[in-house]
Amino acid sequence: MAEERLNTEVPIEENGTPEPVNGHKVASEPSLTLEKDEDDGKKDEDDVKEVSKKKKKKNKSKKKKEVPEQTDPPSIPVSDLFPSGEFPEGEIQPYKDDNLWRTTSEEKRELERLEKPLYNSVRRAAEVHRQVRKYLKGILKPGMLMTDLCETLENTVRKLISENGLQAGIAFPTGCSLNWVAAHWTPNTGDKTVLQYDDVMKLDFGTHIDGYIVDCAFTVAFNPMFDPLLEASREATNTGIKESGIDVRLCDVGAAIQEVMESYEVEINGKVYQVKSIRNLNGHSIGRYQIHAGKSVPIVKGGEQTKMEEGEFFAIETFASTGKGYVREDLECSHYMKNFEAGHIPLRLPRAKQLLATINKNFSTLAFCRRYLDRLGETKYLMALKNLCDTGIVQPYPPLCDVKGSYVSQFEHTILLRPTCKEVISRGDDY
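Residues numbered from 1 in each chain as written. Predicted model: local features only at pLDDT ≥ 70, side-chain atom pairs only at ≥ 80, totals over all residues. Heavy atoms only, no water.

## What to know about helix 6 (residues 146-160)
Then step 1. Counted at 1.5 Å a residue, the expected span for helix 6 with its 15 residues is 21 Å, and the 21 Å between its end C-alpha atoms agrees.
Then step 2. Along helix 6, the positions that sit buried rather than exposed are Met146, Thr147, Leu149, Cys150, Leu153, Glu154, Thr156, Val157, Arg158 and Leu160.
Then step 3. In this structure, the buried residues of helix 6 make contact with helix 3 (78-81), helix 5 (116-139), strand 2 (168-178), strand 4 (200-209) and helix 10 (370-375).
Then step 4. Looking one or two places after helix 6, you find Ser162, whose phi comes out positive at around 55 degrees. (Helix = DSSP H or I, 4+ residues; strand = E, 2+ residues; numbered from the N terminus. Expected span 1.5 Å × (residues − 1). Buried < 20%, exposed > 50% of the residue type's maximum accessible area, 1.4 Å probe, protein only. Contact = heavy atoms within 4.5 Å.)

Next comes the structure, spelled out in structure tokens:
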């Protein structure tokens, strides 16, 4: 086009010299202009090449920064899987009736924005829980030694949560209570218990970031005969979650749970059992570094009139039983926890003082078990541990058992009563 424009504007003589235009001679500039255009064209080409090189470099660097995928078995910390530092939100359930206004309240949304770092911490703990239980469900099979099962689970948690003293780690011992044992059983060192095909195992484990605890449990039964028993506790837990909310009375949640639970029956070896809620086991509020923070969520009607409040964490858990629906303490104790309210109590035994220092440093007021003390290199500590229990500094939590020969199932989720909605933090694709 430039050439065409030049030809039309400047008449050229036959011998190649320019003709005068309006009485003035025109200098032979067109050739200079063409040369300049050619130079500019080359520069443009070079610029395009440079830009494309830069783009390629950027694409290469982008490829290098691809988010890693979780390995099998899991070994990559979840913080590496979410480089943005934002962890996935749990299931959101809107509030009902008198609390509907909260959903759109700008004031309440602002409160949530201020709490975002706290929410993110607990979501990170929940993501670890989801990934660990997904892996465990894939490897669980009859014939496994219970100690191996627990240590595999706990070591996976330690890797994925990037265990760091009291800042991140396991929130309490892995409960793997079998059959009529409802809760608080984990193998002590040397225990040879093996998981059987006809066992009903409650797998209850917790994770925490900065003391914000995710308490979540499910039941494993290989024999499909137990499916209705598992479904009873799963549906009862979901009902409890649905009924929970700000200003809801705890007794109302319990009544709704019992109604669903006791609508189920299960046939075991030809005998039909009415499923019962275990009346002396409860869900509970959760505080920072405090698994039981004072409020109890009953799973039968007739509980306390106390109300749930904004900003509280609750563990909604239900236990379905074919036995009496009442538990008592039995068997060898494995779970212990330092009393949250314990002030300074003078100790006479040097070994008890030493053990308390270990507990304070590694667990503070989080629950622990004997295997955890063994892992830290503690030996010959039973007398010192008994002394700490006798003085009230440490509380023992023996296994809780229904009648021998019965079966108990459990499901549990941690929920957060946010200012604008209810978040089921530990919800996953599995339950």
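## Focus on the packing of aromatic side chains
Then step 1. The final tally for this structure, using the stated rule, is seven aromatic pairs.
Then step 2. Centre to centre, the rings of Phe82 and Phe87 are 5.4 Å apart; their planes meet at 55 degrees, and the pair counts as tilted.
Then step 3. Measuring from centroid to centroid gives 4.7 Å for Phe226 and Tyr407, while their planes differ by 50 degrees, and the two rings are tilted. Note that Phe226 is positioned in the loop between strand 5 (212-221) and helix 7 (227-243) and Tyr407 in the loop between strand 16 (400-401) and strand 17 (408-417), a separation of 181 residues in sequence. Each member of the pair Phe226 and Tyr407 is classed as buried.
Then step 4. Cation over ring: Arg158 sits above Tyr372, and NZ or CZ is 5.8 Å from the ring centre. (Phe/Tyr/Trp six-rings, centres within 6.5 Å; stacked < 30°, edge-to-face > 60°. Lys NZ or Arg CZ within 6 Å of the ring centre and 35° of its normal.)

## Observations concerning the packing of helix 5 against helix 6
Then step 1. Where helix 5 meets helix 6, the closest approach of the two axes is 10 Å, and the angle between their N-to-C directions is 145 degrees. For helix 5 against helix 6, the interelement crossing comes out right-handed. Between helix 5 and helix 6, the residues in contact are Val128, Gln131, Val132, Tyr135, Leu136 and Ile139 and Leu149, Thr152, Leu153, Thr156, Val157 and Leu160, respectively. (Axes fitted to C-alpha atoms, helices over the stretch in contact; angles between N-to-C directions. Left-handed = near helix turned anticlockwise from the far one by under 90°.)

## Comments concerning the UniProt feature "binding site: substrate" (unreviewed entry) in the protein chain
Then step 1. Following the UniProt record, the feature "binding site: substrate" (unreviewed entry) maps to His184 and His292 here. Spanning 109 residues, the named residues nonetheless gather at one spot, since no C-alpha pair among them exceeds 13.8 Å.
Then step 2. Mapping His184 onto the fold places it in the loop between strand 3 (181-183) and strand 4.
Then step 3. Judged by relative accessible area, His184 falls into the partly exposed class, the value being 23%.
Then step 4. For His184, the contacting residues outside a window of four places in its chain are Ser177, Ser334, His335, Tyr397, Pro398, Pro399 and Leu400.
Then step 5. Examined against the element boundaries, His292 turns out to sit in the loop between strand 9 (283-286) and strand 10 (296-297).
Then step 6. Non-local contacts of His292, meaning those with residues more than four positions away in its chain, are made with His284 and Ser285. (UniProt positions renumbered as here; feature names shortened; annotations may be inferred.)

## Considerations on the pairing of strand 13 (residues 335-338)
The side chains of a regular strand alternate between the sheet's two faces.
Then step 1. With burial as the criterion, each face of strand 13 is covered, one bearing His335 and Met337 and the other bearing Tyr336 and Lys338.
Then step 2. Relative to strand 14 (residues 368-369), strand 13 runs antiparallel, the two being bridged by two bridges. The residue of strand 14 that forms the bridge with His335 is Cys369.
Then step 3. The pairing of strand 13 with strand 15 (residues 394-397) spans four bridges and is antiparallel. Its bridge partner being in strand 15, Tyr336 is matched across the sheet by Pro396. (Pairing = 2+ DSSP bridges.)

## Side note on the environment of Asp210
Then step 1. In this fold, Asp210 is placed in the loop between strand 4 and strand 5.
Then step 2. We classify Asp210 as partly exposed; its relative accessible area is 27%.
Then step 3. Residues Asp210 and Gln167, 43 residues apart in the sequence, show an inter-C-alpha distance of 4.5 Å.

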